[in-house]
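Close look at the chain arrangement
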Amino acid sequence: MSQHPHGKLQHKFLLGLAGIFLLLGVVFLFSLNMHLREMLHIEAEAKAELVFSHLSSVQTYVRSILRPTVRHMLPKEEFLLEAMSTSFVTRKVLVDLNTQRDQYIYRRVALSPRNPASEANEMERGLIHHFQENPQESAYRGYQAIDGVEHYVMARPVLFEKECLACHGDPKDAPRVLIERYGGKRGFGRKDGEVAGLDFVGMPVDKSVKHIQESISLFGVSFIAVAAGVFTLILIFFNRLVVTNLRRLSAIFREHFTSPKDQSILDRLDEGDEIHSLLEAFESFATHLREARMQLEDYAANLEDKVRSRTADLSQEAAEHRTDVRLFVELLDDLNRSQGHEELIASVLPRVAARFGASRAMYLCATSGRNHYAWPGPACESQMPSDWQGLLREGQVRQEADRVFVPVTTSDLNRGLMGLFWDEGARPELNAEVLLALGQQLGIAIENLEAVDALLRQNRLLELIFEGISDPLLLVDEGGAVVLANSSARALAEGIRPGSRIQTWFASISAPAVADGTLAAAISGQAPSSLEFELPGPRSLAVSVYPLHAGGEVGRAVVYIRETTAEKRMLAQMQQSEKLAALGKLAAGLAHEINNPLGVISCYAQLLQKSQREPQAQEDLEVIVRHTKKAQKVLQDLLGLARANKPATGPCDLNAVVEDLAQIFRVQVEKTGVALNLELAPGLPRVQADCSALEQILTNLLVNAFDAVPEDTGIITVRSEAEPDGRAVRLSVSDNGPGIDPEHLGQIFDPFFTTKEIGKGTGLGLTVVHELMRELGGRVEVSGRPGATFLLTFPAQAGDAATTPLLPRRERQ
């Protein structure tokens, strides 16, 4: 059998499409040619009208202005042809001055004219005769060939009016200058209203026609190119969307209709083109379906009786299945209610026995030392088979005359053996597959109970570990909401509770990482991160964030919070001690070498002061002495830092030292107008410190405070108090000055660091304070804003108190 021709439909489509494109091309080019011709006609006519408009303007100007003016200026019998003749002026303007004649041709001609140059040619005479025969026409428009070039022609008749007869009527009346120039024979004898000439304007259109032809050719080529491209695209889409699908449909018919009875359908596929062959095949297929339907109707009539019989059997099986499903559902309900597998088995055995009509039911547990469970009454081990282990390994149901044994198994473990017992002759026929499924379901239930029990124990263990961590530990979701928090985290702040957002608590303690989004980015990040927060107080927190990944996505995160304030303070003290130790070694080596030359310089400067009498020399020597003493003071401070012996440990009355220093600074208080407030708690225990060391510490702090506060409005407050446990005494020195910038807080105790102007400070005062406090066993802390506050903590003398109670005082100018 030959294959059907796949190309017939495609060939028909291509021929029809080519005919459509050809017709569209012809119509398009014809319409374009007509449109361009019409545009050329309109343009040429407009130009001709424009020339005639200029012509009328010139003639009107000659008749109404130029001729009357010249006539008024000349004698009556004189006639100036160049200014008074409309024909002469228009010919001069539009003909003689239009030398190139590439834009238009203008001629004013007549029959038997006075000037031979205005004699009408054959075409123009024909037009004059046309106007004479058709006096109602005012213009002629058309296309004429002039000297082999196509022109658009517009002509208007020239009517001789009464005014014109003075020059064109009787020669006796004509001006003498006309007779002398042209003679008295030609151009005379005209009558009023006679048509004897015309104004002729010709517009060359050969170039425009050529442009039109070139444009049409170009558009024709472009249309062919575009049509070829569109034709190709349509052909491609037609092949992909129509021909290919039709061939697939034909192949489907050939693939599914392979029997000899279907050969009539396949034969139709080889007739005509693809669509025609498919229509024929569908018609044959419809006939085939109609015959099959009639056969099915006959078969259905015989099938109804079989269905009724089978339906009754299936209904009985369905009832049994519903009972089995109900048993499985009840088994799941027992699983949810039971606390252990013993309770589960105790509730399952009576249900299974009732389902199958058994009088007794037993269960032998293979994983817990062969424990027996029975319903009703106590278990009897002798009723279970002796080869129960082999029965479990086989995993098959054993049915005997009055008993059935069902293995209870899971996918990887044999759990036990269940036995059902009937009175003699009462055991029904049972489905082994249902019993096996029941045993597997019971095994899965026992396994789930054990898994849940292990999970609960593991969960309790994790809770104990979670709560046992001494530092705050939290589990948060991606948005920062607290899911779990241990007791340390809950004790950290009341705001940390499940459901609250951890960012809210950090914002309440002014943590900067909340404002810039660092904490949120760490929680939703991909890798563990560590953050450090500097808080007011000052306090510092180290926060470690460990994102938990589930399925490649970040879901929750563990947040571990640890306060590092004490660690940082200890580290800073260690670093400061190392700096001071290095400075002490340097000072010990250089102090002697520098101090001796400074003493010599100071001595000789003072000797020179006594011998010099000039004021300028005295001032210069005073500058040398003053700066020498300043250098010696710096060396003394360095030597004080480098001393190896610790100061005496007192005891000393701190309030008394403060009172004495207040009296010393009274002069400076009165001079500057700064208020020095003393808020000293009465009954303070004495501190373990040398009084001279305390005076040096407080003197450095008060000097810095007086330098920092403004005069007249400055306030310096010295406050003392004992700690609640009585082991230490705190002394604070505060001022209302500009304070200390945060970036300088870590450097203020470094040697030679100062923010004062040059010449006002050595940068050693706070270094001395820090070193003395360290040697006394105390500590110094500072806060920079608002104002500066230095908090000194001294160890207290055990069981001691100041002998003289002191009340708060206020010193001011």
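Cut-offs used in this document
Residues numbered from 1 in each chain as written. Predicted model: local features only at pLDDT ≥ 70, side-chain atom pairs only at ≥ 80, totals over all residues. Heavy atoms only, no water. Helix = DSSP H or I, 4+ residues; strand = E, 2+ residues; numbered from the N terminus. Buried < 20%, exposed > 50% of the residue type's maximum accessible area, 1.4 Å probe, protein only. Contact = heavy atoms within 4.5 Å. Areas by Shrake-Rupley, 256 points an atom, 1.4 Å probe, with all protein chains shown as cover. Pairing = 2+ DSSP bridges. Axes fitted to C-alpha atoms, helices over the stretch in contact; angles between N-to-C directions. Expected span 1.5 Å × (residues − 1). Salt bridge = Lys/Arg side-chain N within 4 Å of Asp/Glu carboxyl O. Disulfide = S-S within 2.5 Å. Parallel < 35°, antiparallel > 145°, perpendicular 65-115°, else oblique. Left-handed = near helix turned anticlockwise from the far one by under 90°. Core = buried A, V, L, I, M, F, W, Y, C linked by side-chain atoms within 4.5 Å. Phe/Tyr/Trp six-rings, centres within 6.5 Å; stacked < 30°, edge-to-face > 60°. Lys NZ or Arg CZ within 6 Å of the ring centre and 35° of its normal. Polar contact = N/O pair within 3.5 Å; in protein donor to acceptor, adjacent residues only side chain to side chain. Nonpolar A, V, L, I, M, F, W, Y, C, P; charged D, E, K, R; others polar. pLDDT = per-residue confidence, 0-100. Patch = residues over 30% accessible without salt bridge, like charges linked within 9 Å, V, L, I, M, F, W, Y side chains within 5 Å.

1. Points about the overall build of the protein chain
Secondary structure assignment for the protein chain yields 22 helices and 20 strands. Within the protein chain, the fraction of its 813 residues that count as buried is 36%. Contacts spanning at least 24 positions in sequence make up 61% of the contacts within the protein chain whose residues lie at least 6 apart. Summed over its atoms, the accessible surface of the protein chain is roughly 47000 Å², and 56% of this surface lies on carbon and sulfur atoms.

2. Brief notes about the pairing of strand E18 (residues 779–783)
Here E18 runs beside strand E19 (residues 789–795); their pairing, made up of 5 bridges, is antiparallel. What sits directly across from Val782, in E19, is Phe790. Where E18 folds back onto E19 in an antiparallel hairpin, the turn is made up of 5 residues, including Gly787, whose phi is positive at roughly 65 degrees.

3. Description of helix H22 (residues 765–775)
Of all 11 residues in H22, 9 are buried, a share of seventy percent or more. Turning to H22, its buried residues are Leu766, Thr767, Val768, Val769, His770, Glu771, Leu772, Met773 and Glu775. Directly beyond the C-terminal end of H22, a positive phi value near 85 degrees is found at Gly777.

4. Some remarks on the sheet that holds strand E4 (residues 195–204)
Across the sheet, which stays open at both edges, the 4 strands sit in the order E1-E4-E3-E2 with antiparallel pairing between neighbours. This sheet does not close on itself; its edge strands, each paired only once, are strand E1 (105–110) and strand E2 (140–146). Looking at each pair of strands side by side, their axes are set apart by 30 degrees on average, direction ignored. As paired strands, strand E3 (residues 149–159) and E4 are joined by 9 bridges and run antiparallel to one another. Each residue of the ladder has a partner; that of Met154, found in E4, is Val201. Here helix H4 (residues 122–133) sits on the sheet in contact with E1, E2, E3 and E4, set at roughly 125 degrees to E4.

5. Digging into the pairing of strand E17 (residues 728–735)
With 7 of its 8 residues buried, E17 lies for the most part within the structure. Two strands pair when backbone bridges link them, and strand E16 (residues 715–722) and E17 are joined in this way by 7 bridges, in the antiparallel orientation. Bridge pairing links Ser720 to Leu731 in E17. The turn linking E16 back onto E17 is made up of 5 residues, and Gly726 within it adopts a positive phi angle of 75 degrees.

6. Regarding helix H12 (residues 432–468)
For H12, spanning 37 residues, the distance from its first C-alpha to its last is 54 Å, which sits close to the expected 54 Å at 1.5 Å a residue. Three or more residues of H12 are buried, namely Val434, Leu435, Leu438, Gly439, Leu442, Gly443, Ala445, Ile446, Leu449 and Phe466.

7. Some points on the pattern of salt bridges
A full pass over the atoms with the stated rule returns 13 salt bridges. Between Glu43 and Lys47 there is a salt bridge, with its nearest N and O atoms 3.6 Å apart. Taken together, the residues span about one helical turn, with Glu43 and Lys47 both in helix H1 (residues 8–73) at a distance of 4 residues. Residue Lys47 is classed as partly exposed on the basis of its relative accessible area, which comes to 38%. Note that Glu723 and Arg730 form a salt bridge whose closest N and O atoms lie 3.2 Å from each other. For Arg730, a relative accessible area of 21% translates into the label partly exposed. One salt-bridge network, in which partners are shared between bridges, spans Glu45, Glu49, Arg141 and Arg156.

8. A look at the state of the cysteines
By definition, a disulfide is the covalent link that joins the sulfur atoms of two cysteine residues. This model, assessed by the stated rule, comprises 1 disulfide. Between the sulfur of Cys652 and that of Cys691 lies a disulfide, 2.2 Å long from S to S. Handedness here is read from the sign of the S-S torsion; for Cys652 and Cys691, about 120 degrees, the answer is right-handed. A residue pair is termed long-range when its members are at least 10 positions apart, and Cys652 in the loop between helix H18 (615–642) and helix H19 (654–664) and Cys691 in helix H21 (residues 691–708) qualify at 39 residues.

9. Section: the packing of H19 against H21
The N-to-C vectors of H19 and H21 enclose an angle of 50 degrees; their axes lie 10 Å apart at closest approach. Between H19 and H21, the interaxial angle falls into the category oblique. When the axes of H19 and H21 are compared, the crossing they make is right-handed. For the pair formed by H19 and H21, the contact residues are Leu654, Val657, Val658 and Leu661 on the first element and Cys691, Leu694, Glu695, Leu698, Thr699 and Leu702 on the second.

10. Some words on the nonpolar core
Of all hydrophobic cores here, the largest spans 45 residues; its most connected members are Ile716, Phe790, Leu792 and Phe794. Of all the elements in the fold, those that place two or more residues in this core are H19, strand E15 (675–680), H21, E16, E17, H22, E18 and E19. Considering every element that reaches this core, the biggest residue donor is H21, with 8 residues. In contact with Phe794, not counting residues within four places along its chain, are Leu654, Val687, Leu694, Arg727, Ala728, Val729, Leu731, Met773 and Leu776. Ranked by size, the runner-up nonpolar core spans 28 residues in total, among them Val348, Ala353, Cys365 and Trp422.

11. Considerations on the packing of aromatic side chains
Summed over the entire model, instances satisfying the criterion amount to 6 aromatic pairs. With a centroid separation of 5.8 Å and an interplanar angle of 20 degrees, the aromatic rings of Phe28 and Phe223 are classed as stacked. With Phe28 in helix H1 and Phe223 in helix H7 (residues 206–256), the pair connects residues that are 195 residues apart, well separated along the chain. Here Arg156 stacks its cationic end above the ring of Phe52, 4.4 Å away from the centre of that ring.

12. Topic: the environment of Thr789
In this structure, Thr789 sits in strand E19. As for Thr789 and Val718, which are separated by 71 residues in sequence, their C-alpha atoms are 9.7 Å apart. A polar side-chain atom of Thr789 sits 3.2 Å from a polar atom in the side chain of Ser734.

13. Let's talk about the packing of H21 against H22
Helix-helix packing is described using two parameters, namely the angle between the two axes and the distance between the axes. For the pair H21 and H22, the least separation of the axes is 9 Å and the interaxial angle reads 145 degrees. By crossing handedness, the relation of H21 to H22 is classed as left-handed. In this structure, H21 contributes Ala693, Gln696, Ile697, Asn700, Leu701 and Asn704 to the contact, and H22 contributes Gly765, Leu766, Val768, Val769, Leu772 and Met773. In the contact of H21 with H22, the residues fall into 8 nonpolar, 4 polar and no charged.

14. A look at unusual backbone geometry
A negative phi angle is the norm for most residues apart from glycine, just as the trans form is the norm for most peptide bonds. Of note in the backbone geometry, Asp147 takes a positive phi value of approximately 55 degrees without being a glycine. Residue class for Asp147 comes out exposed when judged on its relative accessible area of 77%. Positive phi outside glycine occurs at Asp712, with the angle close to 70 degrees. Examined against the element boundaries, Asp712 turns out to sit in the loop between H21 and E16. Overall, the relative accessible area of 48% leaves Asp712 in the partly exposed class.

15. As for the confidence of the model for the protein chain
As a general rule, the predicted coordinates of low-pLDDT regions are not to be interpreted in detail. With 81% of its residues at a pLDDT of 70 or more, the protein chain shows a mean pLDDT of 77. Within the model, pLDDT remains below 50 along residues 1–6, and this stretch shows 15 contacts once partners closer than five positions in the same chain are excluded. The model gives residues 802–813 a pLDDT under 50, and that stretch makes 38 contacts with residues more than four places away or in other chains.

16. Some details on a nonpolar patch on the surface
Residues Leu233, Ile236, Phe237 and Leu241 make up a contiguous nonpolar surface patch of about 420 Å² in total accessible area. Relative to the elements of secondary structure, Leu241 occurs in helix H7. Since its relative accessible area comes to 56%, Leu241 is described here as exposed.

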